[in-house]
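Structural overview for review
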Amino acid sequence: TKITYIEHDGTEHVVDVKPGLTLMEGAVKNNIPGIDADCGGACACATCHVYIDKAWADKTGASTAMEESMLDFAEGVEPNSRLSCQIKVSDALDGLIVRMPESQH
Ligand code: FES
């Protein structure tokens, strides 16, 4: 599944992420800077905050209540903010574009 991660400074990383992994794991495995994931994907740190490209908002679904409450701790939260460890990669997300916030680099 092709995912494009864009760093805050505009650097693009286009990588192939295996379906079943999370967006966070896909970034970490490919050494993409901008996703710290301090808690390792437990939805408990909010340092895997990303912005989902607007065109993809429907496909990535809604965030859970737990994710919403963690996002309160992230900086620069926008309506399209998500925690990348809570989004599973699937074939339906082929071509997805995510951007990393300024606070994580
Ligand atoms: Fe910690 Fe996502 S990795 S909340």
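These figures come from a predicted structure and were not determined experimentally.

Re the nonpolar core
The nonpolar side chains of a soluble globular protein tend to be buried with one another. Counting 22 residues, the largest nonpolar core has Ile3, Leu23, Met24, Ile35, Cys48, Val50 and Val98 as its most contacted members. For this core, the secondary structure elements donating two or more residues are strand 1 (2-6), helix 1 (23-29), strand 3 (49-52) and strand 5 (96-99). Counting residues per element, this core draws most heavily on helix 1, which supplies 3 residues. In this structure Cys48 touches Met24, Ile35, Asp36, Ala37, Leu83, Ser84 and Cys85, once residues within four positions along its chain are discounted.

Looking at the sheet that holds strand 1
Here we have 5 strands laid out as an open sheet, ordered 2-1-5-3-4, and mixed in their pairing. In the strand order of this sheet, the two ends are held by strand 2 (12-16) and strand 4 (81-83), each with one partner. On average, adjacent strands in this sheet sit at an angle of 35 degrees to one another, irrespective of strand direction. Pairing of strand 3 with strand 4, which is carried by 3 bridges, proceeds in the antiparallel orientation. Each bridged residue has a counterpart across the sheet, and for Val50 the counterpart in strand 4 is Arg82.

What counts, and where the lines are drawn
- Positions within a chain are numbered from 1, following the residues in the order the chain's sequence is written.
- Owing to the predicted nature of the model, reporting of local features is limited to residues with pLDDT of at least 70; listing and counting of side-chain atom pairs is limited to 80 or more, with chain, interface and lining totals taken over all residues.
- The nonpolar core criterion groups buried Ala, Val, Leu, Ile, Met, Phe, Trp, Tyr and Cys residues into a set whenever they are joined through C-beta atoms within 7 Å.
- Counting other C-beta atoms within 10 Å of its own, a residue is labelled buried from 20 upward, exposed at 12 or fewer, and partly exposed in the gap between, with every C-beta atom placed from the backbone.
- Helix and strand assignments come from DSSP, with helices taken as H or I runs of at least 4 residues and strands as E runs of at least 2, each series counted from the N terminus.
- Throughout, a residue-residue contact means that the two C-beta atoms, derived from backbone geometry, are no farther apart than 7 Å.
- A pair of strands counts as paired when DSSP detects no fewer than two bridges linking them.
- Between N-to-C directions, angles span 0 to 180 degrees; the directions come from axes that are lines fitted to C-alpha atoms, helices contributing only their stretch in contact.

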